Amino acid sequence: MQMDESAGKAEAILPVLLGAIVLTQIVYVAKSALKIEIASAAIWSVEALLFLAIAVIGLVAALQKSRLLACTCIAIAGMVNVLQVGMGLTMFGPLLDAGEPLIPVYESVVAMAFFLFFSGKLLFGCAAIVVGMDLRRSGGAVRLVGLTAIAAGLVAMLVNFGGMAVGMDWLYPAGATGTIATVLLAVALHLQARPAMQIAG
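Scoring rules and cut-offs
- Residues numbered from 1 in each chain as written.
- Predicted model: local features only at pLDDT ≥ 70, side-chain atom pairs only at ≥ 80, totals over all residues.
- Heavy atoms only, no water.
- Salt bridge = Lys/Arg side-chain N within 4 Å of Asp/Glu carboxyl O.
- Buried < 20%, exposed > 50% of the residue type's maximum accessible area, 1.4 Å probe, protein only.
- Phe/Tyr/Trp six-rings, centres within 6.5 Å; stacked < 30°, edge-to-face > 60°.
- Helix = DSSP H or I, 4+ residues; strand = E, 2+ residues; numbered from the N terminus.
- Core = buried A, V, L, I, M, F, W, Y, C linked by side-chain atoms within 4.5 Å.
- Contact = heavy atoms within 4.5 Å.
- Patch = residues over 30% accessible without salt bridge, like charges linked within 9 Å, V, L, I, M, F, W, Y side chains within 5 Å.
- Areas by Shrake-Rupley, 256 points an atom, 1.4 Å probe, with all protein chains shown as cover.
- Expected span 1.5 Å × (residues − 1).
- Bend = angle between axes of the 7 residues up to and from the residue.
- Axes fitted to C-alpha atoms, helices over the stretch in contact; angles between N-to-C directions.
- Parallel < 35°, antiparallel > 145°, perpendicular 65-115°, else oblique.
- Left-handed = near helix turned anticlockwise from the far one by under 90°.
- Nonpolar A, V, L, I, M, F, W, Y, C, P; charged D, E, K, R; others polar.
- pLDDT = per-residue confidence, 0-100.
- Polar contact = N/O pair within 3.5 Å; in protein donor to acceptor, adjacent residues only side chain to side chain.

1. What about the pattern of salt bridges?
Enumeration over the complete set of coordinates arrives at 2 salt bridges. Two residues, Asp134 and Arg137, come together in a salt bridge whose shortest N-O distance is 3.0 Å. Of the residues examined, Asp134 reaches a relative accessible area of 28% and is grouped as partly exposed.

If you want it as structure tokens, here you go:
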């Protein structure tokens, strides 16, 4: 029973962490578009911490058998994103500073980092579909959120699979669809966790 309660509490925390990740990505896009003076490394460091938390909390939440697939997808997405953010923090700068002889290596590292980026978005899309499938059995607005999460998750999976296959040419559509799916996943998880928290309370 205590394990179930811990898993339920972990599931209730996930929407907050996912929402925070979406906010950091909005900040990064705004910084790039508006030329705001914010160090990229600072944003990436916050993202790394959040993704680590998502990985750990996702694994705890997956202890609930009914949440196993969705929360495992979320946890693995967190791990994958820690790797891609870590590559950006530790490898981009030194390889770029090394000069022209290492440009092919730099480009390969960037390509791999974004392959992981697309993979993480695809997994968040998969989780959105799974949670949405559960919510569609409800009525009213909750069912609508579930159906929207399914649609957004499916689009995110398809577009980010395209990104994995094609590469950087799909960066913006893949990032946008993945972010939308993540927002809806956070909302759907919050709605899904409420009954469990009420029972636990």
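Continuing now.
2. Quick word on the packing of aromatic side chains
In this structure the tally under the stated criterion is 5 aromatic pairs. Centre to centre, the rings of Phe92 and Tyr106 are 6.0 Å apart; their planes meet at 75°, and the pair counts as edge-to-face. One end of the pair, Phe92, is in helix α3 (residues 68-97); the other, Tyr106, is in helix α4 (residues 103-135), and 14 residues separate them in sequence. A relative accessible area of 14% means that Phe92 is categorised as buried. Taken together, a centroid distance of 5.8 Å and an interplanar angle of 65° make the contact between Phe114 and Phe117 edge-to-face.

3. Focus on the nonpolar core
Residues Leu14, Leu18, Ile54, Ile74, Phe124, Leu185 and Leu189 are the most contacted members of the largest nonpolar core, which totals 45 residues. Of all the elements in the fold, those that place two or more residues in this core are α1 (2-34), α2 (40-61), α3, α4, α5 (140-166) and α6 (171-200). Looking at this core element by element, the count peaks at 11 residues for α4. If we skip the residues at most four places from it in the chain, Ile74 touches Leu14, Ile54, Phe124, Ala127, Leu185 and Leu189. Phe117, Val159, Leu171 and Ala174 belong to the second largest nonpolar core, which has 5 residues in total.

4. Here we look at a nonpolar patch on the surface
On the surface, Val27, Leu34, Ile36 and Ile38 cluster together into a nonpolar patch covering about 320 Å² of accessible area. Its place among the elements puts Ile36 in the loop between α1 and α2.

5. Quick look at α3
Between its terminal C-alpha atoms α3 stretches 44 Å, which fits the 44 Å expected from 30 residues at 1.5 Å a residue. Along α3, the sharpest kink reaches roughly 40°, centred on Met91 and followed within four residues by the proline Pro94. The positive-phi residue at the C-terminal boundary of α3 is Gly99, with phi of around 95°.

6. A closer look at the packing of α4 against α5
Any two packed helices are characterised by how steeply their axes cross, that is the angle between the axes, and by the distance between the axes. The N-to-C vectors of α4 and α5 enclose an angle of 155°; their axes lie 7 Å apart at closest approach. Accordingly, the angle class assigned to the pair α4 and α5 is roughly antiparallel. Relative to α5, α4 is oriented so that their crossing is left-handed. Classifying every residue of the contact of α4 with α5 gives 17 nonpolar, 7 polar and 2 charged.

7. So, unusual backbone geometry
Unusually for a residue other than glycine, Lys35 sits at a positive phi of about 60°. Among the secondary structure elements, Lys35 is positioned in the loop between α1 and α2. Given a relative accessible area of 67%, Lys35 falls into the exposed group.

8. Points about the environment of Val130
Counting through the fold element by element, Val130 comes out in helix α4. As a C-alpha pair, Val130 and Ala70 span 60 residues in sequence and 5.8 Å in three-dimensional space.

9. Considering the confidence of the model for the protein
Model confidence for the protein is summarised by a mean pLDDT of 91, while 95% of its residues fall at 70 or above. Contacts for the low-pLDDT stretch residues 197-201, under 50 throughout, to residues beyond four places or in other chains number 3 contacts.

10. A few points about the side chain of Thr179
Within the fold, Thr179 resides in helix α6. Within the structure, the side chain of Thr179 is placed 2.8 Å from the backbone oxygen of Gly175, a separation counted as a polar contact. Beyond its immediate chain neighbours, meaning those up to four positions away, Thr179 contacts Val22, Gln25 and Lys121.

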